[in-house]
Every structure is written in C-alpha cells, then in structure tokens.
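Understanding the architecture of this molecule
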Amino acid sequence: MNQLKVRNLVLGEGMPKICVPIVGTTWEEIKEQAEEMVKLPVDFVEWRMDWYENITEESSVIDILGLLRQYLGDLPLLATFRTKQEGGMQEFSQQEYRALMNTVLTSGYIDLVDVELFLGEKLVKELIEAAHLAGVFVVASNHDFFKTPTKEEMIRRLCKMQELGADVLKIAVMPNTNRDVLTLLETTVEMNEVYAKKPLITMAMSGIGMISRLSGECFGSAVTFGAARKASAPGQIGVEQLREILQIVHGKEE
C-alpha cells in the first residue's frame, strides 16, 4: 500500500487510520468536541467546516483553527468544506469557497485539506497548487450519495485525482445492493495494485456498505471514518467499536 507521512502518522501503514469528524454548528459545540477528541482512540481529526454557522467570517474560522490546533496537539488536522451537491450542509459560491480555502491554507494550522474533484479541473489545480505551496497535503475527493458508479468510472475518477496532483485519493459511494459493495471493494484492490501511487480512501456508505469501512487493510483503503457523537455520513460507527474491530482484523491484541 502506498504511504504518506503526516506529522507522526503514516497513512497506508498497518491498520487503516481512524479519522473522526468535528461537526459542531457553533463555537461552543466545536470546542466541546475538540476536548473530547483527545480522549478518543483517533489517529487524526477532520473539521467539517460546512457545519459551522459562521463559516463566512474569516476571523472566526482562523480562531477556531487555532483552537483546534491547541487542543489536538500533534494529531493531524484535515479541513473539509463539503459542498451541498456532495452531501454538505451549506450552499457556497465558488468565490466564497476560494476565499475560505485561502483562509485555511494560509492559517498555518492544518495538515490536510479536502478538495472535491468535481469543483472543476481549473479550480482543483489552483487549490492543489496553493495547498502545496503552503505545505498542506491534499485529499482529493468524490462522493455519490445516490449510487455506485461502475468500477471503470471509479478508477477513472481516482486516476484523475492522482493526475491533478492530489496526495490522497478518496471516493465514497452509495450502494443499493450487496453487489455494489463488491464493486467498490474490487475497485479498491485494482486501483491499489495497478494504478495508485498515492494512498487511497474508499468506502461504500450506509449499513450495506459498513464492511468497506472495516476491511480497508484487506483491500487497500488507508483510512476509515468513525463517529464520536454525530455521524457525518451514513454508515459511520462509533470510534471505540471501530478501533476494536480493526484490531481484530489486523490480528493485534491490546
């Protein structure tokens, strides 16, 4: 499996790493969740910025990033604004999105940033270049909350992310049948063995797809997402239970 070192964490080494999202809508909720994170068995943390009610206020965003960095210590921090069309909480214009990305990338507080593939090639290239200039790794992503594309289409999307310069390649899809989950897993294996030069994150959402969140080490997905309190996507399970299952799959005892 391909690897990427982020602070003291190596994606693609050993068990899939557990990322837990912070999904507070207010400063107080975000602070409370950040305090809780350091008590949980997490490997890194995602701030889902689209949940925050004052996300257009630059000074507030910077203050929250500073707060998160203070609480998380050396835990890597991924900043994500999930757009409405890919399951996010808020509508954002391209101008607002650019401004937010500029704020988070120049803050000095984050380690990784999420950039959606379908924002358009020009903007994606621009954001990846800006992130790398700021010393920030890029997780290129694509989310389909309605269906599971064909294996060939998912591989095409992941390869496009790699071609554009992303450091981690992520795809999440909605399975409507058990066979859809197998398609996602087969995509993960083939992408990892044949095409990928970067770590992969793949998952089938909802209860049907839960196995994909647990079997990354077997098929080639380097990260899985768990929930502290609120899940940020269908099918996420609690982080403590997730860690236990991953350790069993890995064959490692406490």
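As the structure is a prediction and not an experimental result, all values here were calculated from the model. (Residues numbered from 1 in each chain as written. Predicted model: local features only at pLDDT ≥ 70, side-chain atom pairs only at ≥ 80, totals over all residues. Heavy atoms only, no water.)

In total, this model carries 17 salt bridges according to the counting rule given. Across the pair D50 and R48 runs a salt bridge whose closest N-O atoms are separated by 2.8 Å. This pair shows no difference in class: D50 is buried, exactly as R48 is. A salt bridge links E153 to R156; the shortest N-O distance between them is 2.8 Å. Highlighted residues: E153 and R156, both in helix α5 (residues 151–163), separated by three residues, approximately one helical turn. (Salt bridge = Lys/Arg side-chain N within 4 Å of Asp/Glu carboxyl O. Buried < 20%, exposed > 50% of the residue type's maximum accessible area, 1.4 Å probe, protein only. Helix = DSSP H or I, 4+ residues; strand = E, 2+ residues; numbered from the N terminus.)

All right, on to empty space enclosed by the protein then. Under the defined criterion, the tally for this structure stands at three cavities of 30 Å³ or more. Considering only enclosed or pocket space, the second largest cavity measures out at about 40 Å³ in volume. As for the second largest cavity, its lining consists of L11, F44, L78, L112, V139, V168, K170, I201 and F225. Here the residues of the lining of the second largest cavity sort into eight nonpolar, no polar and one charged. (1 Å grid on protein atoms, 1.4 Å probe; cavity = no way out; pocket = protein on both sides within 12 Å on 5 of 7 lines; lining within 4 Å. Points joined across faces, edges and corners; volume = space filled by probe spheres on them. Nonpolar A, V, L, I, M, F, W, Y, C, P; charged D, E, K, R; others polar.)

Following the UniProt record, the feature "binding site: 3-dehydroquinate" (unreviewed entry) maps to E46, W47, R48, R82, R213, S232 and Q236 here. Following the sequence through the fold, R48 ends up in strand β4 (residues 44–48). A distance of 2.8 Å separates polar atoms of two side chains, one belonging to R48 and the other to D50. Along the chain, R82 falls in the loop between β5 (77–80) and α3 (94–105). R82 sits in the buried class, given a relative accessible area of 3%. (UniProt positions renumbered as here; feature names shortened; annotations may be inferred. Polar contact = N/O pair within 3.5 Å; in protein donor to acceptor, adjacent residues only side chain to side chain.)

Each regular strand carries side chains that alternate between the two faces of the sheet. Most of strand β8 (residues 168–173) is tucked away, with six of its six residues classed as buried. Side chains V168, K170 and A172 project from β8 onto one buried face, and the interleaved L169, I171 and V173 project onto a second face that is buried too. Of the pairings in the sheet, the one linking strand β7 (residues 137–144) to β8 comprises six bridges and is parallel in character. Its bridge partner being in β8, V139 is matched across the sheet by V168. You can see the chain leave β7, run along α5 and come back into β8, and the turn it takes is right-handed. In this structure, β8 lies alongside strand β9 (residues 200–204), joined through five bridges in parallel fashion. When the sheet's bridge partners are listed, K170 is paired in β9 with I201. (Pairing = 2+ DSSP bridges. Right-handed = clockwise from strand over helix to strand, strands pointing away.)

Two numbers describe how α3 lies on helix α4 (residues 121–133): the axes approach to 10 Å, and their chain directions differ by 15°. Overall, the two elements α3 and α4 adopt an arrangement that is roughly parallel. Of the two possible hands of crossing, α3 and α4 adopt the one that is right-handed. Contacts between α3 and α4 pair Q94, Y97, R98, M101 and L105 from the former with L123, E126, L127, A130 and A131 from the latter. Split into classes, the residues belonging to the contact of α3 with α4 amount to seven nonpolar, one polar and two charged. (Axes fitted to C-alpha atoms, helices over the stretch in contact; angles between N-to-C directions. Parallel < 35°, antiparallel > 145°, perpendicular 65-115°, else oblique. Left-handed = near helix turned anticlockwise from the far one by under 90°. Contact = heavy atoms within 4.5 Å.)

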